[in-house]
Amino acid sequence: MWSTAYGLIALAAVAFAVLYTAVHVPVLSTFSLADQLYNAKSWLAQNLPAFARTEKLSHFRLYVNIVRVKMVNVTAHDSSERRWVLFPIAIPLGYRLEREGRNVLYQLFLNVTACRRVAAPRGEPYVLYEVELRHSLDPLPWLEVYAAVPRNSTEYYNWLYSLYKAWGRPPAVGLDPMVGADAQLVELVKAEHALLYDATGGVARLYAAAPVSAAYILVVDYPLAAPLTCPYEDLGVGTQDDIPVIEPPNPPDVK
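These remarks concern the structure in this document. (Residues numbered from 1 in each chain as written. Predicted model: local features only at pLDDT ≥ 70, side-chain atom pairs only at ≥ 80, totals over all residues. Heavy atoms only, no water.)

Some remarks on the sheet that holds strand 7 (residues 186-190)
Phase 1: Strand order across the open sheet formed by four strands is 7-6-10-11, with antiparallel pairing between neighbours. In this open sheet, the two strands that pair with only one neighbour each are strand 7 and strand 11 (224-228). In this sheet, neighbouring strand axes are inclined to one another by 30° on average, regardless of whether the strands run parallel or antiparallel.
Phase 2: Relative to strand 10 (residues 216-221), strand 6 (residues 144-150) runs antiparallel, the two being bridged by five bridges. Among the inter-strand pairings, Glu144 is bridged to a residue of strand 10, identified as Val220. (Pairing = 2+ DSSP bridges. Helix = DSSP H or I, 4+ residues; strand = E, 2+ residues; numbered from the N terminus. Axes fitted to C-alpha atoms, helices over the stretch in contact; angles between N-to-C directions.)

Written out as structure tokens, the structure reads:
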């Protein structure tokens, strides 16, 4: 009888110990850093067209999730009025992006610092983009760059003009109404590119060569894709008929 009682007491003690351990010992929840990183970039990709835009470099350097743009005038053909018209567009020159996950902080800083005309080995005219790049991760394994070449420049800028007339505000090249919305109007050509690292400053320089007819380049850290355009004055605008930019306008700062 006493042995049975002692046995029940011992069993109860073991059960209590097991229950106490199950309640008080922390359980490591499973998580995937890769999934968190993907989700962070997906969120940025979905919200990229909605982020604030500014022409002021001071604002661009200060805030996060902001796009640096420049306003320029381009030409299009107004079929209803049967004449060529000037209208303003925003060209994206930089991004300061950030998204925090549960265990990761994804940051990407892109800023076009210069563009210049170069010749390809066979003599074709190209534009060499120089882009300041800061990245919270090593971008080498997955960074891709494409040049967006309009299949027909007139049709491409006429499409932008239709957005301008519908919205009453300048559309951003490659960015509005969303990245990839112009897929039927442009051909994405893989652009030769190289990354040069500053081992002490933590800054990398991205160099990308695009055909002179390209409307923009697309820097891809999948699924995030950021369109970038050259400041047209760097390219000697007015000397090439295939760049339909006429002059810089004087609109208010885009917010």
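Observations concerning empty space enclosed by the protein
Phase 1: Per the counting criterion, the structure on display carries two cavities of 30 Å³ or more.
Phase 2: Here the second largest cavity is characterised by a volume of approximately 50 Å³.
Phase 3: Together, ten residues line the second largest cavity, and Leu108, Leu110, Leu143, Val219 and Asp221 are the ones closest to its centre.
Phase 4: Where the lining of the second largest cavity is concerned, the elements lending two or more residues are strand 4 (105-119), strand 5 (125-135) and strand 10.
Phase 5: Considering each element in turn, the lining of the second largest cavity owes the most residues, three residues, to strand 10.
Phase 6: Grouping the amino acids of the lining of the second largest cavity by side-chain chemistry returns eight nonpolar, one polar and one charged. (1 Å grid on protein atoms, 1.4 Å probe; cavity = no way out; pocket = protein on both sides within 12 Å on 5 of 7 lines; lining within 4 Å. Points joined across faces, edges and corners; volume = space filled by probe spheres on them. Nonpolar A, V, L, I, M, F, W, Y, C, P; charged D, E, K, R; others polar.)

Focus on the side chain of Asp176
Phase 1: If you trace the backbone, Asp176 turns up in the loop between helix 4 (153-167) and strand 7.
Phase 2: Every residue in contact with Asp176, bar those within four places of it in the chain, is listed here: Pro49, Arg53, Trp159, Leu163, Trp167, Arg169, Pro170 and Pro171. (Contact = heavy atoms within 4.5 Å.)

Section: the sheet that holds strand 1 (residues 52-54)
Whenever strands of a sheet pair, they do so through backbone hydrogen bonds, lying parallel or antiparallel.
Phase 1: With mixed pairing, seven strands are arranged side by side in an open sheet as 1-2-3-4-5-9-8. At either margin of the open sheet sits one strand with a lone partner, and together these are strand 1 and strand 8 (192-197). Between one strand and the next, the sheet's axes are offset by a mean angle of 35°, whatever the strand orientation.
Phase 2: Strand direction decides the pairing type here: strand 2 (residues 66-78) and strand 3 (residues 83-100), joined by 13 bridges, are antiparallel. Bridge pairing links Val67 to Tyr95 in strand 3.
Phase 3: Its contacts with the sheet place helix 2 (residues 33-47) against strand 3 and strand 4, and it is angled at close to 155° to strand 3.
Phase 4: Each of strand 2 and strand 3 is contacted by helix 4, which is oriented at about 80° to strand 3, the strand it contacts most.

Digging into the pattern of salt bridges
Phase 1: Within the structure shown, the criterion is met by nine salt bridges.
Phase 2: A salt bridge links Asp176 to Arg53; the nearest nitrogen and oxygen atoms lie 2.8 Å apart. Pair noted here: Asp176 is in the loop between helix 4 and strand 7 and Arg53 is in strand 1, with a separation of 123 residues, a long-range link. Judged on exposure class, the residue Asp176 and its partner Arg53 are both buried.
Phase 3: Ionic pairing is found between Lys190 and Glu144, a salt bridge with its closest N-O pair at 3.8 Å. Pair noted here: Lys190 is in strand 7 and Glu144 is in strand 6, with a separation of 46 residues, a long-range link.
Phase 4: Residue class for Lys190 comes out exposed when judged on its relative accessible area of 56%.
Phase 5: Judged by relative accessible area, which is 27%, Glu144 ranks as partly exposed. (Salt bridge = Lys/Arg side-chain N within 4 Å of Asp/Glu carboxyl O. Buried < 20%, exposed > 50% of the residue type's maximum accessible area, 1.4 Å probe, protein only.)

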